[in-house]
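Structure at a glance
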Amino acid sequence: MSIATFKSAHRLITGAQSSQQTATELAKLGVSNPFIVTDKGVRQSGTLDLITAQFKHNVTIYDEVPAEPEVSVVEHCAEAFNQGKHDGVLAVGGGSAMDIAKVIAVFAGQNKPLLEFFGENNAPTRKLPLITLPTTAGTGSEVTNIAILADTENQIKKGIVSDQLLPDVAIVSPEMTLSCPRSVTAASGVDALVHAIEAYLSNFASPVTDALAIKAMSMIRVALPKVVANPHHLQAREEMATGSLLAGLAFGNAGVGAVHALAYPLGGRYHMAHGVSNALMLPYVMEWNKLACAQRFVDIASALGLYIEAKTENQIASEVVSYLHQLCSDVGIPQGLRSFDIPRSAIPELAAEAIKVERLLRNNPRVLSQSDIEKIYQAAY
Ligand SMILES: NC(=O)c1ccc[n+]([C@@H]2O[C@H](COP(=O)([O-])OP(=O)(O)OC[C@H]3O[C@@H](n4cnc5c(N)ncnc54)[C@H](O)[C@@H]3O)[C@@H](O)[C@H]2O)c1
Ligand SMILES: [Fe+2]
């Protein structure tokens, strides 16, 4: 067994109504004037009120984070931050708001230009306390050391990876996700499943991340169809929120692989939602991966509740791929790159972008060349 370390938010608080501890948790961190980072959808749904009602004084709310935010959003948000004397950052939102809040907590009040933060371990020491509350289930961003931003000029998605982004506290409270729209519920739910599957298949998986990834898969496969069918099903929302957290803990340490690497250029060029781009690539990348690790697919099949008796490893791996196709279709995610008006002629450029995502491709169990990637995009067309 090779050496592995495990990192997370410093403290996790989970379970229904745990969001009611937010003000107390901020106070424990010595925060008296928090800066809340959220978005208009979360605010207008009334979900943000569950948090703001806990404060006896006015709190500053920045609600201008768009979905899949670009680099300039950080600068705009930092200007708003600097207009008050804030002593902590609270993220209330999906991956988009949480990622912006995580970057603000290291960026605000220091002089290093934002562009120098990108890549691995380039962020300065975080001085501001940081709490994350996810409203989707989800990206797992509440516990990861990653923030993803769109670079519109170069039409790519770029990551800031640094342990300085790990929050002090993550509060994962299912009622925060009850208002999540159906399409976002489906796409972010598949994203969580992809996190668990890619973490399990990662070259950097460990027994710790394996346990989290398998449990996440078994929770998400039961709960995801339920929350899409009935968005008000609180118990299923709780299973999704917790499953997404476990998947975040798994991939935050083992990494994700080629599904995410091939999804990035779709998000960067065609502004596709992160969960949707992952769902589009998932079955096709798994079809490619199964040759490298059929035994791991047997474990995945068990976690997904597939019948595996008296079947060969290869048969089981193929059934996992079919299951993933069916699940993405059942939860209403459009199938095929052609459904998104992507011209077939764009595939070589997409592959040229994807092969550059070395940070993720090195985690993938099967090696990919640029022409392999082109073939996968062709299959997914
Ligand atoms: N840092 C990480 O570890 C990590 C991991 C995966 C993805 N991401 C990033 O996260 C982003 C995607 O995040 P996401 O999928 O959570 O979606 P999102 O944060 O972009 O939200 C999508 C939409 O759903 C709405 N919404 C979210 N929760 C809601 C709620 N409870 N009620 C009403 N409306 C709600 C928002 O207003 C928004 O319009 C992408 O930028 C992606 O790159 C980051
Ligand atoms: Fe993801």
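About the criteria used
Numbering of residues begins from 1 in every chain and follows the order in which that chain's sequence is written. Numbering of ligands from 1 and lettering of chains from A proceed in the order in which they are written. Predicted model: local features are reported for residues with pLDDT of at least 70 only, side-chain atom pairs are reported and counted for 80 or more only, and whole-chain, interface and lining totals are derived from all residues. No hydrogens and no water enter the side-chain calculation; it runs on all heavy atoms of the structure. Axes, fitted as lines to C-alpha atoms, cover a helix only where it is in contact. Angles between the N-to-C directions of the axes lie from 0 to 180 degrees. Each helix is a run of H or I in the DSSP string that is no shorter than four residues. Each strand is a run of E no shorter than two, and both are numbered from the N terminus. Each angle receives one of four descriptions, namely roughly parallel if under 35 degrees, roughly antiparallel if over 145, roughly perpendicular if within 65 to 115, and oblique otherwise. Contacts: residue pairs with any heavy atoms within 4.5 Å of one another. As a working rule, the residues Ala, Val, Leu, Ile, Met, Phe, Trp, Tyr, Cys and Pro are called nonpolar, Asp, Glu, Lys and Arg charged, and the rest polar, with Gly in that last group. UniProt positions are given in the numbering used here, feature names are shortened, and annotations may be inferred rather than shown by experiment. An automatic or database domain assignment supplies the start and end points of every domain. By definition, the buried area sums, over both parts, the 1.4 Å-probe accessible area that each loses when the two are put together. Whenever a carboxyl oxygen of Asp or Glu lies within 4 Å of a side-chain nitrogen of Lys or Arg, that contact is scored as a salt bridge. Any N or O atom pair separated by 3.5 Å or less is treated as a polar contact, with the protein-specific requirement of one donor-capable and one acceptor-capable atom, and with residues adjacent in sequence counted only for side-chain atom pairs. Here, strands pair whenever DSSP counts at least two bridges between them.

A closer look at the packing of helix 6 (residues 182-201) against helix 9 (residues 258-270)
At their nearest, the axes of helix 6 and helix 9 sit 9 Å apart, and the two run at 135 degrees to each other. One element, helix 6, and the other, helix 9, form an angle in the oblique class. Note on element contacts: helix 9 touches helix 6 through Ala258, Val259 and His260, opposite Asp191, Val194, His195 and Glu198. Grouping the amino acids of the contact of helix 6 with helix 9 by side-chain chemistry returns three nonpolar, two polar and two charged.

Section: the UniProt feature "domain: Fe-containing alcohol dehydrogenase-like C-terminal" (unreviewed entry) in the protein chain
In the numbering used here, UniProt assigns the feature "domain: Fe-containing alcohol dehydrogenase-like C-terminal" (unreviewed entry) to residues 185-381. Helix makes up 71% of residues 185-381 and strand 0%, and the two end C-alpha atoms of the span are 24 Å apart.

Describing the domain arrangement of the protein chain
How big an interface is tends to be reported as the loss of accessible area on association of its parts. Annotation of the protein chain at the domain level lists domain 1 (11-177) and domain 2 (182-379). Computed over C-alpha atoms only, the centres of domain 1 and domain 2 are separated by 25 Å. Contact with domain 1, which involves 26 residues of that partner, is made by 28 residues of domain 2. Of all residues in domain 1, Ala137, Gln155 and Lys157 give up the largest surface area on contact with domain 2, accounting jointly for 23% of the area buried on that side. Here domain 1 is connected to domain 2 by one salt bridge. Two residues, Glu120 and Arg362, come together in a salt bridge whose shortest N-O distance is 3.4 Å. Joining domain 1 to domain 2, the criterion identifies seven residue pairs in polar contact (both at pLDDT 80 or more).

Some words on the sheet that holds strand 9 (residues 169-172)
What holds strands together in a sheet is hydrogen bonding between their backbones, with the strands either parallel or antiparallel. Read across the open sheet, the six strands follow the order 1-9-6-4-2-3; overall the sheet is parallel. The open sheet has two free edges, formed respectively by strand 1 (11-14) and strand 3 (60-62), since each of these has just one partner strand. Averaged over all neighbouring strand pairs, the angle between strand axes comes to 20 degrees, with direction disregarded. Where strand 6 (residues 130-134) lies against strand 9, two bridges are found, and the strand directions are parallel.

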